[in-house]
Amino acid sequence: MSTEIAGDKSNYSAENIQVLEGLEAVRKRPAMYIGDVGFRGLHHLVYEVVDNSIDEALAGYCKNIDVIIHKNNSITVTDDGRGIPTGIHAKEGRSALEVVMTVLHAGGKFDKDTYKVSGGLHGVGVSCVNALSTTLIASVHRDGKEYRQEYSCGKPLYDVKEVGLSDKRGTIIHFMPDASIFIHTEYKFDTLAARMRELAYLNRGIRISLTDERVEEGAQVLTENYYSEGGLREFVTYLDGTREKLIPEPIYVEGEKGGVPVELAFQYNTGYAENLHSYVNNINTIEGGTHVAGFRRALTRVLKSYADKEGLLKNVKFEISGEDFREGMTGVISVKVQEPQFEGQTKTKLGNNEVMGAVDQCVGDVLGNYLEEHPKEARTIVNKVILAATARHAARKAREMVQRKGAMSGSGLPGKLSDCSETDPSLCEVYLVEGDSAGGTAKQGRNRAYQAILPLRGKILNVEKALEHKIYENEEIKNIFTALGVTIGTPEDDKALNLAKLRYHKVIIMTDADVDGSHIRTLILTLFFRYMKALLEFGYIYIAQPPLYLVKKGKDEEYCWTEAQREDAVMRMAKGGNPDSVGIQRYKGLGEMNAEQLWSTTMNPETRTLKQVTLESAAEADHIFSMLMGDEVPPRREFIEANAKYAKIDA
Ligand code: 0RA
């Protein structure tokens with residue numbers, strides 16, 4: 001979070017003008033400050049306020065943070081910290097509280113010693129939340145008194161005032177997001193819950209509660225409490241909940257090198273995927289960076305030298321590579337960096353070089369000792385690594401076979417693909433369609449200029465449970481990746497290179513609106529999540545929304561996607577007469593529509609609705625995919641019905 005006050009060096013009146021411009025600018029271009037004005041931005045407001053309380057907790061003054069979603073979708077965040085100072089700020093000539101609430105980036109100005117590292121991706125401060133709220137009320141309990149100031153669209157309605165005595169301490173921020181700015185104003189409990197849970201794991205010892213008051217009249221409000229004593233150890237155990245673990249407890253590292261606090265935990269499971277989640281200042285760094293590099297380097301070096309020393313690699317005839325040390329590993333790494341440099345396409349890649357060495361040393365020390373003290377676990381891990389290397393060699397052979405074959409057959413595109421004529425990927429879309437018959441209909445109905453169709457035969461392989469080389473050998477999966485033009489299983493570092501080859505910038509999954517369809521959709525999403533996560537990270541994946549009903553009377557026909565739309569259509573067509581005279585056809589399968597119907601309801605960009613799949617929380621998605629597609633059946637049942645909870649899907 002920046003600590004610069006806008007116009008700090010200019011004179012008083014000029015400064016005031018700049019202050020006004022500051023918050024006006026936020027209202028004019030909100031997306032520049034909070035990312036977007038959709039669901040993401042709306043939820044970002046809460047994170048921004050909570051981040052301030054987390055900072056106060058990290059400074060050691062706050063233990064409890066309570067978040068309430070009120071009935072009208074306004075929010076209250078309460079903490080028991082020192083309270084934002086209310087005295088007159090010498091330089092500004094007005095209350096410090098007012099400065100914090102009305103000046104961009106003023107957050108950390110008053111307490112230089114405070115360890116300020118928390119802060120959302122945009123790190124814009126609570127004044128942005130104020131600017132984007134029709135009403136905001138800040139209450140501060142401090143020095144035996146309660147102070148208050150209210151604002152409208154960022155402008156104070158009165159000077160900070162004392163409203164009474166108080167024996168409490170802390171800050172309460174209540175705000176109502178401005179409906180004229182945000183596309184959506186309804187908060188999603190699950191989205192906020194995932195972030196609060198994540199924050200509790202990342203900052204052990206802080207108690208966070210989330211309450212939803214939007215329940216039926218008279219019903220009990222819903223409250224969830226998040227608290228972690230063990231921090232990242234517990235986070236890893238939570239993420240790996242349904243996977244079979246190889247060692248009894250995660251390996252845990254907590255330390256500090258060169259002023260960089262490092263915390264990390266990792267566990268090995270019987271699976272094949274690497275699930276490493278990384279954070280800098282509580283921000284998920286999806287593109288990794290120097291902290292991840294430091295961890296990988298130490299892991300490879302220490303495990304290799306241990307295995308060599310113990311003579312465990314005597315019979316291994318081939319090279320063991322870095323990735324082999326991370327197969328079937330779930331880990332979380334969290335560092336706190338005073339001045340983080342974020343790079344990469346989504347500005348979520350840590351660039352600070354000093355962090356690499358800090359993490360490397362912390363991990364090196366602890367892991368070396370761990371292996372010496374736990375010979376049984378050490379052997380288990382090394383055996384797993386050797387197995388991974390063996391499998392990787394088999395997989396590479398299989399993959400090379402596939403690629404050689406592909407290169408030989410003409411265009412190299414799968415025979416089942418009906419390609420489009422346009423070649424600019426940004427204009428092209430491909431429909432992955434469940435079943436050959438619906439694929440045929442889609443082929444007739446499409447606009448062949450820019451829409452390609454790839455029919456899929458029923459259920460594809462469950463990659464969560466399959467051996468890696470089986471995945472490369474699977475026809476259906478090969479077809480998908482060949483059609484998309486990207487190489488499956490490319491190391492994460494080559495993401496950008498690989499994505500540049502993507503042949504369609506909309507990859508649209510179109511399945512039946514039944515349980516099987518939802519299962520197939522999840523299988524495809526799991527495949528992308530595990531083997532081409534960048535497609536999800538960069539927002540290339542969409543879900544088609546075929547209608548659920550056709551309501552009909554005489555020549556009148558109307559497609560409906562929800563129960564409410566259906567009831568509405570029936571009433572309108574009955575025109576006050578008997579609703580039974582109106583026919584309702586329920587569509588379960590794509591096959592029940594003809595080409596023209598499929599085009600007009602589901603494929604025509606003018607009239608269709610597509611849902612874009614985004615990864616709001618990769619950690620939460622990891623947890624849910626492993627549960628959905630893993631070995632334990634009961635939790636999966638529940639989730640298949642409530643499809644698409646794993647990844648947030650925005651309209
Ligand atoms: C700067 C100085 C002090 C407290 C805070 C910031 C503070 C900010 C927020 C935002 C939400 N909750 C907060 N709690 C505290 C206090 C300095 C002092 O008392 O000496």
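Scroll up to find the structure this text is about.
All of the points below concern the structure found in this document. All of these numbers come straight from a predicted model, not from anything done at the bench.

Reading guide: rules and limits
- Residues numbered from 1 in each chain as written.
- Predicted model: local features only at pLDDT ≥ 70, side-chain atom pairs only at ≥ 80, totals over all residues.
- Heavy atoms only, no water.
- Helix = DSSP H or I, 4+ residues; strand = E, 2+ residues; numbered from the N terminus.
- Contact = heavy atoms within 4.5 Å.
- Areas by Shrake-Rupley, 256 points an atom, 1.4 Å probe, with all protein chains shown as cover.
- Near = heavy atom within 4 Å.
- Polar contact = N/O pair within 3.5 Å; in protein donor to acceptor, adjacent residues only side chain to side chain.
- Nonpolar A, V, L, I, M, F, W, Y, C, P; charged D, E, K, R; others polar.
- Pairing = 2+ DSSP bridges.
- Core = buried A, V, L, I, M, F, W, Y, C linked by side-chain atoms within 4.5 Å.
- Buried < 20%, exposed > 50% of the residue type's maximum accessible area, 1.4 Å probe, protein only.
- Salt bridge = Lys/Arg side-chain N within 4 Å of Asp/Glu carboxyl O.
- Phe/Tyr/Trp six-rings, centres within 6.5 Å; stacked < 30°, edge-to-face > 60°.
- Lys NZ or Arg CZ within 6 Å of the ring centre and 35° of its normal.
- Axes fitted to C-alpha atoms, helices over the stretch in contact; angles between N-to-C directions.
- Parallel < 35°, antiparallel > 145°, perpendicular 65-115°, else oblique.
- Left-handed = near helix turned anticlockwise from the far one by under 90°.

1. Observations regarding the overall build of the protein chain
Reasoning step 1: When helices and strands are counted, the protein chain shows 20 helices and 27 strands.
Reasoning step 2: Restricting to contacts in the protein chain with at least 6 residues of sequence separation, those with at least 24 account for 70%.
Reasoning step 3: For the protein chain, the exposed area adds up to about 28500 Å²; of that, 50% sits on carbon and sulfur atoms.

2. What about the environment of G351?
Reasoning step 1: Assignment of secondary structure puts G351 in the loop between β18 (349-350) and α9 (353-373).
Reasoning step 2: Sequence separation of G351 and T290 is 61 residues, and the distance between their C-alpha atoms is 5.9 Å.
Reasoning step 3: In this structure, G351 is in contact with T290, Q341 and E343, ignoring residues within four places of it in sequence.

3. Considerations on the site of the ligand
Reasoning step 1: Taken together, 10 residues are adjacent to the ligand, and N52, E56, D79, I84 and R142 come closest.
Reasoning step 2: D79 places a polar side-chain atom, nitrogen or oxygen, 2.6 Å from a nitrogen atom of the ligand.
Reasoning step 3: Here an oxygen atom of the ligand and a side-chain polar atom of R142 are 3.1 Å apart.
Reasoning step 4: Here the ligand loses 82% of its free accessible area of 460 Å² to cover by the protein chains.
Reasoning step 5: Of the residues in the shell around the ligand, the class split is two nonpolar, three polar and five charged.

4. Here we look at the pairing of strand β5 (residues 133-142)
Reasoning step 1: Here eight bridges tie β5 to strand β9 (residues 170-177), and the two strands are oriented antiparallel to one another. Paired with L136 across the two strands is F175, which belongs to β9.
Reasoning step 2: The pairing of β5 with strand β6 (residues 145-152) spans seven bridges and is antiparallel. Residue A138 lies in a different strand from β6, and its bridge partner there is Q149.
Reasoning step 3: Count of turn residues in the β5/β6 antiparallel hairpin: two residues, of which D143 carries a positive phi of about 50°.

5. So, the nonpolar core
Reasoning step 1: Formed by 49 residues in total, the largest nonpolar core has its most connected members in V46, V50, F175, Y187 and M196.
Reasoning step 2: Ranked by the residues each element gives to this core, the list is headed by helix α3 (residues 39-58), at eight residues.
Reasoning step 3: Discounting chain neighbours no more than four positions away, the residues touching V46 are V67, I75, F175, Y187, L192 and M196.
Reasoning step 4: Membership of the second largest hydrophobic core comes to 47 residues, among which are L535, L536, Y540 and L615.

6. Some thoughts on the pattern of salt bridges
Reasoning step 1: Within this structure, the stated rule accounts for 35 salt bridges.
Reasoning step 2: Two residues, E24 and K155, come together in a salt bridge whose shortest N-O distance is 3.4 Å. Here the residue E24 occupies a position in helix α1 (residues 12-28), and K155 occupies one in strand β7 (residues 155-156), the gap between them amounting to 131 residues.
Reasoning step 3: Given the relative accessible area of 33%, E24 is considered partly exposed.
Reasoning step 4: Via salt bridges that share partners, D240, R243, E464, R530 and D622 belong to a single interconnected network.

7. Overview of the packing of aromatic side chains
Reasoning step 1: Per the stated rule, a full pass over the model turns up seven aromatic pairs.
Reasoning step 2: Relative to Y268, the ring of F266 has its centre 6.2 Å away and its plane inclined at 80°; by these criteria the two rings are edge-to-face. Comparing F266 with Y268, the two get one shared label, buried.
Reasoning step 3: Put simply, the rings of Y201, F235, Y238 and Y279 pair up and form one aromatic cluster.
Reasoning step 4: Here the basic side chain of R233 rests over the ring of Y252, its NZ or CZ set 3.7 Å away from the ring centre.

8. Concerning unusual backbone geometry
Reasoning step 1: Even without being glycine, N73 reaches a positive phi, approximately 65°.
Reasoning step 2: Mapped onto the elements, N73 comes out in the loop between β1 (64-69) and β2 (75-79).
Reasoning step 3: Taking relative accessible area as the criterion, N73 reaches 12% and is therefore assigned buried.
Reasoning step 4: A positive phi angle, close to 50°, is found at N281, a residue other than glycine.
Reasoning step 5: As for its position among the elements, N281 is in the loop between β14 (274-280) and β15 (283-284).
Reasoning step 6: Taking relative accessible area as the criterion, N281 reaches 4% and is therefore assigned buried.

9. Considerations on the sheet that holds strand β13 (residues 260-268)
Reasoning step 1: The five strands lie next to each other as β12-β13-β16-β14-β15, forming an open sheet whose pairing is mixed. Here the strands that pair on one side only, and so sit at the sheet edges, are β12 (251-257) and β15.
Reasoning step 2: One ladder, built from two bridges, connects β14 with β15; its direction is antiparallel. Bridge pairing in β15 links Y279 to N284.
Reasoning step 3: The sheet contacts of helix α7 (residues 232-239) involve β12, β13, β14 and β16 (329-335), and relative to β16 the element is tilted by about 145°.
Reasoning step 4: Sheet strands in contact with α9 are β12, β13 and β16, and its direction is about 135° off that of β12.

10. Notes on the environment of E323
Reasoning step 1: By the element assignment, E323 lies in the loop between α8 (290-309) and β16.
Reasoning step 2: Judged by its relative accessible area of 43%, E323 falls in the partly exposed class.
Reasoning step 3: Through-space distance from the C-alpha of E323 to that of A389 is 8.5 Å; in sequence the pair is 66 residues apart.

11. Focus: the packing of α8 against α9
Reasoning step 1: Here α8 crosses α9 at 30°, and the two axes come no closer than 7 Å. With respect to α9, the element α8 is oriented roughly parallel. As α8 packs across α9, the resulting crossing turns out to be right-handed.
Reasoning step 2: Grouping the constituent residues of the contact of α8 with α9 by class yields 13 nonpolar, seven polar and five charged.

Spatial relationships are all this shows, so hold off on functional conclusions.
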